[in-house]
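Each chain is listed here by its residues.
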Amino acid sequence: TKRALRTACKLGVAPLHAAAEALNAPLLATLLAAGAPPDLQTVKRGEHFSGAWVRRDGDGATTELDSADLCALHLVLDGRDGDDEESVLECIATLLAHNASVDVRDVLYRTPLHLALALAFEEGMTAPAAALLDAKADPNLGNKEWGMASSCLHEAARRGNATVVQLLLGAGAAVDAPGRDGWTPLALAARAGAVSVLAPLLAAGADPAASLPGGKSAAEVARLNKKVKAAEVLDAALAAGVEGVRV
């Protein structure tokens, strides 16, 4: 029935979620055509987790309330590996063709893009993230794992992943936004000594003269962490007044 398609059962899932988890694109298409909402989320029922809403009774006892969690796009992306890429992309395309939102957030405030980037970082699989960015996923959102103030670009810079940094910059990621504790992507790359990340950030307009809340520049951060090459690149950017420093 249509009601079964539109609501989660007692276990907190609906048929669409099972199809997404199984990477079954034809079944996804059938369910969506039959009226399954593309953004329907699984439900955490009575589970304790950080940030859960609770109800307190007259005796002071608390009960965790139901919380919306993963949508089909999350489930398509969660915990995959390189062997799943073709099926993942087919399922993403199916969901997007039925107007699935790319910025639904789970209980940890993760969007599908966050999970797609986890695949890029861990499996080298960038195509799912590119597909979501093409569909206008917001690269500037944080989550509870990375920090609510930290964007996708902060995480990519922290990890020293130049491929993902360039992908995010091409999608309009804010290059100089302060993240957790006021750190910019450039400062995070400097701390990690991620020289390959510095060039695209600088070319996109990152300010090498900007100071962190403690007053240090990205170059000073690099020197403190004994990242000599990164410090040299940033010093050269400062001396050149910055655009397109080669590394």
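Here's what I pulled together on the structure shown here. (Residues numbered from 1 in each chain as written. Predicted model: local features only at pLDDT ≥ 70, side-chain atom pairs only at ≥ 80, totals over all residues. Heavy atoms only, no water.)

## Details of the pattern of salt bridges
So, step 1. Per the counting criterion, the structure on display carries five salt bridges.
So, step 2. The salt bridge involving arginine 110 is made with glutamate 145; its shortest N-O contact spans 3.9 Å. On the criterion of sequence distance, the pair formed by arginine 110 in the loop between helix H5 (85–97) and helix H6 (112–123) and glutamate 145 in the loop between helix H7 (127–134) and helix H8 (152–159) is long-range, its members being 35 residues apart.
So, step 3. Of the charged contacts, one joins glutamate 155 and arginine 158 as a salt bridge, the two residues approaching to 2.7 Å between their closest N and O atoms. Placement of both glutamate 155 and arginine 158 in helix H8 is noted, with a separation of three residues, approximately one turn of the helix.
So, step 4. The network of salt bridges with common partners includes Asp106, Arg110 and Glu145. (Salt bridge = Lys/Arg side-chain N within 4 Å of Asp/Glu carboxyl O. Helix = DSSP H or I, 4+ residues; strand = E, 2+ residues; numbered from the N terminus.)

## Things to note about H7
So, step 1. Along H7, the residues that are buried comprise Pro128, Ala129, Leu132 and Leu133. All buried residues of H7 lie within an arc of 135 degrees about the axis, which places them on one face of the element.
So, step 2. Elements in contact with the buried residues of H7: helix H4 (72–77), H5, H6 and helix H9 (162–170).
So, step 3. Positive backbone phi, at 75 degrees, marks lysine 136, one or two positions downstream of H7. (Buried < 20%, exposed > 50% of the residue type's maximum accessible area, 1.4 Å probe, protein only. Arc of directions from axis to C-beta. Contact = heavy atoms within 4.5 Å.)

## Brief notes about the environment of histidine 114
So, step 1. Within the fold, histidine 114 resides in helix H6.
So, step 2. Between the C-alpha atom of histidine 114 and that of asparagine 143, which follows or precedes it by 29 residues, the distance is 8.2 Å.
So, step 3. In this structure, histidine 114 is in contact with Tyr109, Leu141, Gly142, Asn143, Trp146 and Cys152, ignoring residues within four places of it in sequence.
So, step 4. Within the structure, the side chain of histidine 114 is placed 3.3 Å from the side chain of asparagine 143, a separation counted as a polar contact. (Polar contact = N/O pair within 3.5 Å; in protein donor to acceptor, adjacent residues only side chain to side chain.)

Any link to function would need more than the numbers given here.
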